[in-house]
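Here is how the chains run, residue by residue.
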Amino acid sequence: IFSGIFFGGLAAWLSISNGGSLAFVQRASLEKRLTVCCFINTYVAMFSTFFNIFQLSELQTIILPVHGGYNFDLCRPIEWVCTCPLMQLSLVLMGGAKLPDYRR
């Protein structure tokens, strides 16, 4: 678990520190914006794959004591928190320079 968290954090840090600014990408050509959005969508697909595979196990299931036991799958909300902002960022970047900076 520690190594997964460590290498995930390292990958995120390297991606953020070596990437360009979002304002530059938003004003770039359509081809550059599409390339960045494809990379972002690749990260979304990897997050979704990991959380869906992890959801198959019983490690993330929390049994709530309501009406004889209710299974709460913890991976689904965590996946949404990780992937939805990235998908919204893709929409803003594809919008280009016509969208104001505060929408980022």
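Located above this text is the structure these notes cover.
We now turn to the structure provided with this report. (Residues numbered from 1 in each chain as written. Predicted model: local features only at pLDDT ≥ 70, side-chain atom pairs only at ≥ 80, totals over all residues. Heavy atoms only, no water.)

A short note on helix α3 (residues 30-55)
The following threshold applies: The numbering of helices and of strands both runs from the N terminus, where a helix is a DSSP run of H or I of at least 4 residues and a strand a run of E of at least 2. In a helix, the anticipated span is given by 1.5 Å times the number of residues less one. Burial classes: relative accessible area under 20% of the type maximum marks a residue as buried, over 50% as exposed, and values in between as partly exposed (1.4 Å probe, protein chains only).
Between its terminal C-alpha atoms α3 stretches 37 Å, which fits the 38 Å expected from 26 residues at 1.5 Å a residue. Among all positions in α3, only R33, V36, C37, I40, V44, S48, F51 and Q55 are buried.

Points about the nonpolar core
Quick note on the threshold: Remark: nonpolar core denotes a set of buried residues (Ala, Val, Leu, Ile, Met, Phe, Trp, Tyr, Cys) joined through side-chain atoms within 4.5 Å. Any pair of residues with heavy atoms lying within 4.5 Å of one another is described as a contacting pair.
Core analysis: the biggest nonpolar cluster contains 6 residues, these being V25, V36, C37, I40, L89 and L93. Of all elements in the fold, only α3 and α4 (75-95) reach the threshold of two or more residues within this core. Non-local contacts of C37, meaning those with residues more than four positions away in its chain, are made with S90, L93 and M94.

Comments concerning the pattern of salt bridges
Here is the rule: Every case where a carboxyl oxygen of Asp or Glu lies within 4 Å of a side-chain nitrogen of Lys or Arg is listed as a salt bridge.
A full pass over the atoms with the stated rule returns 1 salt bridge. Between E79 and R76 there is a salt bridge, with the nearest N and O atoms lying 3.0 Å from each other. Placement of the pair is E79 and R76 together in helix α4, with a separation of 3 residues, close to one helical turn. For R76, a relative accessible area of 27% corresponds to the partly exposed category.

Re the packing of α3 against α4
Short version of the rule: Think of each axis as a best-fit line through the C-alpha atoms, taken over the contacting stretch in the case of a helix, with angles from 0 to 180 degrees between the N-to-C directions. Should an angle lie under 35 degrees it is considered roughly parallel, over 145 roughly antiparallel, and from 65 to 115 roughly perpendicular; all remaining angles are considered oblique. Three categories are distinguished: nonpolar for Ala, Val, Leu, Ile, Met, Phe, Trp, Tyr, Cys and Pro, charged for Asp, Glu, Lys and Arg, and polar for the others, with Gly belonging to the last.
Running from N to C, α3 and α4 point in directions that differ by 170°, and their axes come no closer than 9 Å. Regarding the angle of α3 to α4, the classification is roughly antiparallel. Its residues assigned to classes, the contact of α3 with α4 comprises 17 nonpolar, 7 polar and 3 charged.

As for a nonpolar patch on the surface
Let me state the cut-off plainly: Each patch is built from residues that are more than 30% exposed by relative accessible area and take part in no salt bridge. Like charges join if they lie within 9 Å; nonpolar side chains (Val, Leu, Ile, Met, Phe, Trp, Tyr) join within 5 Å. Surface accessibility follows the Shrake-Rupley procedure with a 1.4 Å probe radius. Residue values consider only the protein chains on display as shielding.
Taken together, the side chains of F2, F6, F7, L10, W13 and L14 define a hydrophobic patch exposed on the protein surface, amounting to about 700 Å² of accessible area. Of note, L10 is situated in helix α1 (residues 2-18). Take L10: its relative accessible area is 34%, and that puts it in the partly exposed class.

Such coordinate-based values are descriptive only and should not be taken to indicate function.
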